[in-house]
Amino acid sequence: MFDKVLIANRGEIALRIQRACREMGISTVAVHSTADENAMHVRLADEAVCIGPPAATESYLNKHAILSAATITGADAIHPGYGFLSENAEFAAMVEEHGFTFIGPSPQHIREMGDKITAKQVVMEAGIPVVPGSSGAVRTAEEAGKIAAEIGYPVIIKATAGGGGRGMRVANSPDELATELQNASREAKSVFGNPDCYLEKYLGHPRHIEIQVLADNHGNAVHLGERDCSLQRRHQKVLEESPSPALNAEQREEIGQVVATAIKKIGYRSAGTIEFLFEDGKFYFIEMNTRLQVEHPITEMVCGIDIVREMIRVSSGAPLDFAQEDIKFQGHSIECRINAENPETFVPCPGKIGEYHAPGGLGIRVDSALYSGYTVPPHYDSMISKLIVHAATRNECLMRLRRALSEYVIEGLDTTIPLHQKLMAEPVFQNGDYDIHWLEKFVGK
Ligand code: ADP
């Protein structure tokens, strides 16, 4: 096992990883920008190294600075968290070349899954169902028109190198397709540095359901059930729950098996998530995330497995010490992402926290790096806390969540807590009867 792990991230996820390390007797190294000198992840780490100025490109994305920090502190391994360098194959390879262990999958798997066209091909060959669409990048309007006519309108144009909900456009007709393909390609080039786009059938009322997997270096792979992440705004998840209110036991078992078998076949290692759209009883693969996800805690709450701990264990070479049949799902869990944003306009609202009081009690988990007097810097993602609730049934979970939201005090800036409170009072949400488009209409009301 490792003696020392460097955590190449900030905020709540850096803290989350530190907690797992500490419980395993591993010491931790925090890295931080000059904007994060007083951040909780720095205060609680055993050692901390400043790696650059506030801009992420010069600090949290600065590969050389992070590797230097690992060298001078004598770290054995690097955990990338999510975002930043977590799905950067080049970084994962550099980490290994410098003699550290990358706590994540192999650079080859990150690369394959990072290119959405390759990913679709690889998982399709491993037996996972995909959305009908082009088999590769489409470069001309004529080519796109032909494929769209085959799969039928509306179609969605996606950037091969896309991520974070960016670089996607919907076309309802051949005319729209020609213009939107140009727009999508231009955006893809400027945002991702790669203009390639591909086409998929646009599903009108799907849910977003994803399967968490864990695999080791010894050929073992398991699934940890699903998360329903259909509540999205601008393709960004707002609230997640597990299990999905839309799946029955048979569907859950079946998709879990398909995914675990595919993961084994691909030879994947570490934690990963296979994302699907689910419509009319069918699953359609959209992408695989080769990293820890923001919403991993709800899976931990229902299956009692510490995913970060398992990531650390398997990357040190240990085998998973449980098999699929040992994993038991219990109760229901929901996560609310709380952002420093105006709850109506969603304009980011960084600033200084005044009073701070987190909810507590049975079944409540708060993953956050906030404290009273902390200043939320304007340079990074606006998510400041994750409120995670677990209870025996979905109904009890909703009651508990409502109670926890009413206890949560974050003064000094706007947060999206009122949005979550509005959601709790909404019958469509209470009935679990929503698709991926529902929330946008709801917040627009
Ligand atoms: P990203 O990597 O940018 O997150 P994804 O491929 O995971 O992109 O898609 C993000 C979201 O976009 C999905 O959760 C869904 O809301 C929407 N989406 C993606 N593909 C389709 C599709 N074929 N039809 C309808 N909506 C889609």
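Residues numbered from 1 in each chain as written. Predicted model: local features only at pLDDT ≥ 70, side-chain atom pairs only at ≥ 80, totals over all residues. Heavy atoms only, no water.

### A word on the site of the ligand
Defined as follows: If a single non-hydrogen atom of a residue is within 4 Å of a molecule or strand, that residue counts as near it. Polar contacts, as counted here, are pairs of nitrogen or oxygen atoms within 3.5 Å of one another; within protein the pair requires one atom able to donate a hydrogen and one able to accept it, and residues that are adjacent in sequence qualify only if both atoms are side-chain atoms. Every accessible area reported is derived by Shrake-Rupley at a probe size of 1.4 Å, with residue values counting cover from the shown protein chains alone. Every helix listed is a DSSP run of H or I at least four residues long, and every strand listed is a run of E at least two residues long, numbered separately from the N terminus.
Residues in close proximity to the ligand total 21 residues, the closest being Lys116, Lys158, Gly165, Lys201 and Glu287. In this structure, Glu200 approaches the ligand through a side-chain N or O atom, which is 3.1 Å from a nitrogen atom. Residue Glu275 places a side-chain N or O atom 3.2 Å away from an oxygen atom belonging to the ligand. Considered on its own, the ligand offers 560 Å² of accessible surface; in the complex 96% of this is hidden by protein. Counting only elements with at least two residues in the shell around the ligand, the list comes to strand S6 (155-163), strand S7 (166-171), strand S8 (197-201), strand S12 (270-279) and strand S13 (282-289). Sorting elements by how many residues they give to the shell around the ligand places S6 first, with 3 residues.

### Quick look at the pattern of salt bridges
For the record, the criterion: Salt bridge, as used here, is a side-chain nitrogen of Lys or Arg placed within 4 Å of a carboxyl oxygen of Asp or Glu.
Under the definition given, this model contains 29 salt bridges. Its salt-bridge partner being Arg291, residue Glu87 comes within 2.9 Å of it at the nearest N-O pair. Here Arg291 lies in the loop between S13 and helix H10 (296-303) and Glu87 lies in the loop between strand S4 (77-79) and helix H4 (89-97), a separation of 204 residues in the sequence.

### Things to note about helix H13 (residues 417-424)
Quick note on the threshold: Only protein chains enter the accessibility calculation, which uses a 1.4 Å probe. A residue is then buried if its area is under 20% of the maximum for its type, exposed if over 50%, and partly exposed in between. The arc in question is formed by the directions pointing from the helix axis toward the C-beta atoms.
If you check which residues of H13 are buried, you get Ile417, Leu419, His420, Leu423 and Met424. Down the axis of H13, the buried side of the element spans an arc of 160°, and every buried residue falls inside it.

### Focus on the sheet that holds S7
As a reminder, the rule being used: We treat two strands as partners when DSSP finds at least two bridges between them. Throughout, an axis means a line fitted to C-alpha atoms (over the contacting stretch in the case of helices), and angles, computed between N-to-C directions, take values from 0 to 180 degrees. In what follows, a contact means two residues having at least one pair of non-hydrogen atoms within 4.5 Å.
Strands sit in the order S7-S6-S8 across an open sheet of 3 strands; the sheet is antiparallel. Every interior strand has two partners, whereas the edge strands, S7 and S8, have only one. Mean inter-strand twist for the sheet, computed between neighbouring axes without regard to direction, equals 25°. Where S6 meets S8, 5 bridges bridge the pair, whose relative direction is antiparallel. Bridge pairing in S8 places Ile157 opposite Leu199. Running over the sheet, helix H7 (residues 141-151) touches S6 and S8 and is turned about 15° from S8.

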